[in-house]
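# Summary of the model geometry
One-letter residues, chain by chain:
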Amino acid sequence: MNCLCAECRGRRDQGMEAWPGAGAPAVLRIESVREVGNWGLNFTWNDTHSTGIYTWEILREWDEGRSAEAAGHE
Ligand SMILES: [Zn+2]
């Protein structure tokens, strides 16, 4: 849902759900991951999405959001 690839960003920009798309696997899984310089990580998902760099800042932000949720905050 937060996929950073151009296709998913485009779908969200048009107000469409980015995932699941037609033929998407029921269980989404990371097949491989690689470090992109000092920028962050690039994931290859089992639904073949593999573009987009998840920057350290974004990953940190999402993790902090999740931690806040677990603690009972919005
Ligand atoms: Zn995508």
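Scroll up for the structure.
All of the points below concern the structure found in this document. (Residues numbered from 1 in each chain as written. Predicted model: local features only at pLDDT ≥ 70, side-chain atom pairs only at ≥ 80, totals over all residues.)

This brings us to the overall build of the protein chain. Scanning the protein chain from N- to C-terminus turns up two helices and three strands. Along the protein chain, helices and strands appear, N-terminal first, in the series α-β-β-β-α. By the burial criterion, 4% of the 74 residues in the protein chain qualify as buried. The contacts in the protein chain between residues at least 6 apart in sequence include a share of 20% that link residues at least 24 apart. (Helix = DSSP H or I, 4+ residues; strand = E, 2+ residues; numbered from the N terminus. Buried ≥ 20, exposed ≤ 12 C-beta atoms within 10 Å, placed from the backbone. Contact = placed C-beta atoms within 7 Å.)

What follows deals with the pairing of strand β2 (residues 40-45). The pairing of strand β1 (residues 30-36) with β2 spans six bridges and is classified as antiparallel. By the bridge assignment for β2, S32 is matched with T44. Once β1 ends, the chain turns through three residues before running back antiparallel as β2, passing G37 with a positive phi of about 50°. Summarising the sheet, β2 and strand β3 (residues 54-55) pair through two bridges and their orientation is antiparallel. When the bridges of β3 are listed, L41 appears paired with Y54. (Pairing = 2+ DSSP bridges.)

Bringing unusual backbone geometry into the picture now. A positive phi angle, near 80°, is found at T48, a position not held by glycine. When the 11 C-beta atoms within 10 Å are taken as the criterion, T48 is described as exposed.

The three strands are arranged β1-β2-β3 in an open sheet whose pairing can be described as antiparallel. Each edge of the sheet is formed by a strand with only one pairing partner; in this case those strands are β1 and β3.

In this section: helix α2 (residues 56-70). What sets the pattern is the α-helix's 3.6 residues per turn: residues three or four places apart point alike. In this model α2 runs 21 Å from its N-terminal to its C-terminal C-alpha over 15 residues, within 8% of the 21 Å that 1.5 Å per residue would give. Burial runs low along α2: only zero of the 15 residues are buried. G72 sits one or two residues past α2 and shows a positive phi near 95°. (Expected span 1.5 Å × (residues − 1).)

As a further point, take the environment of E35. Tracing the backbone shows E35 in strand β1. It is 28 Å that separates the C-alpha atoms of E35 and G23, two residues lying twelve residues apart in sequence.

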